[in-house]
Amino acid sequence: MKVSPMKSFLIDRYKKGGALRLGEMSEPKLRENDVMVEIHAAGVNPVDSKIRDGEFKLILRYRLPLILGSDLAGVVTRVGSKVTRFSPGDEVYAHPGQDRIGTFAEFIAIDQANVALKPKNLTMEEAASIPLVALTAWQVLVERANLQKGQKVLIHAGSGGVGTIAIQLAKHLGAYVATTTSTANVALVKSLGADVVVDYKNDDFEKVLQGYDVVLNSLGKDTLEKSLGVLKPGGKLISISGPPDPDFAKENGSGWLLQQVMRLLSSGIRRKSKRRGINYSFLFMTANGRQLGKITSLIEAGDIRPVMDRVFPFEKTNEALAYVETGRAKGKVVVTVK
Ligand SMILES: NC(=O)c1ccc[n+]([C@@H]2O[C@H](COP(=O)([O-])OP(=O)(O)OC[C@H]3O[C@@H](n4cnc5c(N)ncnc54)[C@H](OP(=O)(O)O)[C@@H]3O)[C@@H](O)[C@H]2O)c1
């Protein structure tokens with residue numbers, strides 16, 4: 001079959017703050033379990049800039065040039081010989097997996113196990129905003145924390161990409177939800193269902209909140225350590241912004257040296273957590289079409305809705321990344337591809 005070139009935003013080498021190059025790459029190869037998706041919209045995440053900067057070079061071994069982009073919504077155009085779950089014409093969305101990123105492009109090949117049908121009530125742009133952050137929220141709150149009805153959870157940065165979905169998922173699970181945000185976003189996080197909002201411009205969350213079962217941390221070291229004071233003994237401190245711990249190193253298949261580095265990086269917070277009877281763990285989200293399918297149902301039932309900040313045209317992908325890098329996005333930023 002003829003392979004045509006496709007437009008994509010890529011990097012030729014890792015460079016902090018470097019611009020992505022608009023270039024032509026050949027259409028990806030379709031493996032037997034893959035679906036080929038024509039991308040209509042791609043979500044932008046902080047991880048895209050971090051990969052460009054080279055922050056993940058040690059744990060994610062990419063070949064360069066590399067097309068960036070970790071979220072998509074689009075239409076299936078072809079399927080591999082062993083694909084059973086999807087057909088050409090299906091409207092889908094996905095996080096393609098950390099080892100197969102590349103959604104700032106016209107086409108992508110993705111393993112069918114990582115794909116789900118797009119929620120019918122969302123536009124392509126809205127759908128593209130969902131997979132990475134919703135899978136993260138699911139894997140923290142449902143899988144790792146096993147959050148139960150009536151339990152108390154603190155979700156930091158409630159107005160961000162992860163926070164806006166995590167608040168809604170935690171409320172759906174029946175939890176009592178506290179969140180942190182700045183004054184300008186208090187109304188937004190309340191509208192998503194937060195029971196307690198700590199405006200970090202006026203209050204210190206660690207002085208206001210006590211007796212929590214779970215904290216989802218997506219902020220820095222200072223917030224991570226202060227979060228220990230909010231949790232009750234037996235509580236779970238789950239961080240998605242580091243530091244990585246030895247269990248993650250093992251799951252990730254890191255070699256001995258990298259395992260020791262991660263052990264060292266997290267030794268302080270693990271020691272402080274243990275002293276208080278709290279369980280610290282780091283979580284790095286993974287692609288999962290089955291979980292994304294459950295998220296589709298929650299969106300179609302109206303339990304979770306996307307929060308969109310800005311939509312950029314494809315040629316302004318660099319501006320979209322720069323906007324997310326300000327750290328001030330309210331919900332999600334998306335690029336329209338088609
Ligand atoms: N490990 C994983 O698998 C994984 C998965 C997803 C994300 N992450 C990481 O998690 C972090 C968050 O991701 P994201 O997509 O949610 O980012 P994001 O959408 O860019 O977050 C922006 C939001 O953060 C809020 N914020 C910034 N500083 C804050 C503070 N001190 N207290 C409370 N809120 C604050 C901002 O609200 P204000 O403007 O009101 O301050 C803004 O709404 C990133 O570092 C990302 O790389 C990791």
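This text goes with the structure placed above it.
Residues numbered from 1 in each chain as written. Predicted model: local features only at pLDDT ≥ 70, side-chain atom pairs only at ≥ 80, totals over all residues. Heavy atoms only, no water.

A. Molecular detail of the overall build of the protein chain. Along the protein chain, the regular secondary structure elements total 12 helices and 16 strands. Rg of the C-alpha trace for the protein chain: 20 Å, near the compact-globule value of 20 Å for 338 residues, within the 12% margin. Viewed in the frame of its principal axes, the protein chain has a C-alpha envelope of about 60 × 45 × 35 Å. Per-residue burial for the protein chain yields a buried fraction of 55% across its 338 residues. For the protein chain, restricting intrachain contacts to residue pairs at least 6 apart in sequence, the fraction spanning at least 24 positions comes to 69%. In the protein chain, 47 side chains carry a positive charge and 35 a negative one; their mean positions are 5 Å apart. (Helix = DSSP H or I, 4+ residues; strand = E, 2+ residues; numbered from the N terminus. Rg over C-alpha atoms; globule rule 2.2 N^0.38 Å. Buried < 20%, exposed > 50% of the residue type's maximum accessible area, 1.4 Å probe, protein only. Contact = heavy atoms within 4.5 Å. Lys, Arg positive; Asp, Glu negative; His and termini not counted. Charge placed at Lys NZ, Arg CZ, Asp CG, Glu CD.)

B. Structural view of the site of the ligand. Taken together, 23 residues form the shell around the ligand, and within it Ser-182, Tyr-200, Met-285, Arg-328 and Ala-329 come nearest. One of the side-chain nitrogen or oxygen atoms of Ser-159 is found 2.8 Å away from an oxygen atom of the ligand. Between the ligand and Asn-185 there is a distance of 2.9 Å, counted from an oxygen atom to a side-chain nitrogen or oxygen. For the ligand, the protein covers 86% of the area, taking 930 Å² as the surface of the free molecule. The residue inventory of the shell around the ligand, partitioned by class, reads 11 nonpolar, 10 polar and 2 charged. Split by domain, the shell around the ligand shows at least three residues from each of two domains, domain 1 (5–130 + 306–336) and domain 2 (132–282). (Near = heavy atom within 4 Å. Polar contact = N/O pair within 3.5 Å; in protein donor to acceptor, adjacent residues only side chain to side chain. Areas by Shrake-Rupley, 256 points an atom, 1.4 Å probe, with all protein chains shown as cover. Nonpolar A, V, L, I, M, F, W, Y, C, P; charged D, E, K, R; others polar. Domains from an automatic or database assignment.)

C. Local environment of the nonpolar core. Core analysis: the biggest nonpolar cluster contains 103 residues, and Tyr-93, Phe-104, Val-153, Leu-209, Leu-237 and Ile-295 have the highest contact counts within it. Ranked by residue count, the leading element in this core is helix H3 (residues 131–144), at 8 residues. In this structure, Met-6, Met-36, Ala-105 and Ala-109 belong to the second largest nonpolar core, which totals 7 residues. (Core = buried A, V, L, I, M, F, W, Y, C linked by side-chain atoms within 4.5 Å.)

D. Here's a closer look at the pairing of strand S5 (residues 72–79). The pairing of strand S3 (residues 34–44) with S5 spans 6 bridges and is antiparallel. Counterpart to Val-37 in the pairing with S5 is Val-76. Here S5 pairs with strand S6 (residues 91–94) via 4 bridges, running antiparallel. If you follow Ala-73 over to S6, its bridge partner there is Tyr-93. (Pairing = 2+ DSSP bridges.)

E. Spotlight on the side chain of His-40. Here His-40 lies in strand S3. Given the relative accessible area of 16%, His-40 is considered buried. Look past the residues within four positions of His-40 in its chain and what remains in contact with it is Ala-73, Gly-74, Val-75, Met-124, Val-335, Thr-336, Val-337 and Lys-338.

F. A look at the sheet that holds strand S1 (residues 5–11). Reading across the sheet, the 3 strands line up as S2-S1-S4 and stay open at both edges, with antiparallel pairing between neighbours. Of all the strands in the sheet, the pair left with one neighbour each is strand S2 (21–26) and strand S4 (66–67). In terms of strand pairing, S1 meets S4 through 2 bridges, oriented antiparallel. Looking at the pairing, Ile-11 lines up with Leu-66 of S4.

G. Just helix H10 (residues 267–275), in detail. Taken residue by residue, H10 has Gly-268, Ile-269 and Ser-273 as its buried positions. With its buried residues spanning 125 degrees around the axis, H10 presents them on a single face. Pointing more than 90 degrees away from the buried face of H10 are the exposed residues Lys-274 and Arg-275. Considering only its buried residues, H10 is in contact with helix H7 (221–227), strand S13 (231–239) and strand S14 (279–282). Gly-277 occupies a position one or two residues after H10 and carries a positive phi of about 75 degrees. (Arc of directions from axis to C-beta.)

H. Focus on the packing of helix H1 (residues 46–53) against helix H12 (residues 317–325). Across the interface, H1 lies against H12 with an axial gap of 9 Å and an inter-helix angle of 105 degrees. Between H1 and H12, the crossing angle belongs to the class labelled roughly perpendicular. Across the interface between the two elements, Pro-46, Asp-48, Ser-49 and Arg-52 of H1 pack against Leu-321, Val-324 and Glu-325 of H12. Partitioned by chemical class, the residues of the contact of H1 with H12 number 3 nonpolar, 1 polar and 3 charged. (Axes fitted to C-alpha atoms, helices over the stretch in contact; angles between N-to-C directions. Parallel < 35°, antiparallel > 145°, perpendicular 65-115°, else oblique.)

I. Region of interest: the pairing of strand S11 (residues 196–199). In the sheet, strand S10 (residues 176–181) pairs with S11 via 4 bridges, with the strands oriented parallel. Within S11, the position partnered with Thr-180 by the bridge is Val-198. In this view, the connection linking S10 to its parallel neighbour S11 by way of helix H5 (residues 186–191) has right-handed handedness. (Right-handed = clockwise from strand over helix to strand, strands pointing away.)

J. Looking closely at H1. Of all the 8 residues making up H1, 6 are buried; the element is thus mostly covered by neighbouring parts of the structure. Residues of H1 that are buried include every one of Val-47, Asp-48, Ser-49, Ile-51, Arg-52 and Asp-53, and no others. Turning to H1, the residues buried within the fold contact S1, S3, S4, H3 and H12.

K. Quick look at the side chain of Asn-185. Of note, Asn-185 is situated in the loop between S10 and H5. Here Lys-330 takes part through its side chain, which lies 3.4 Å from a polar atom of the side chain of Asn-185. Beyond its immediate sequence surroundings of up to four residues, Asn-185 is in contact with Ser-159 and Lys-330.

Don't take any of this as a statement about function, it's just geometry.
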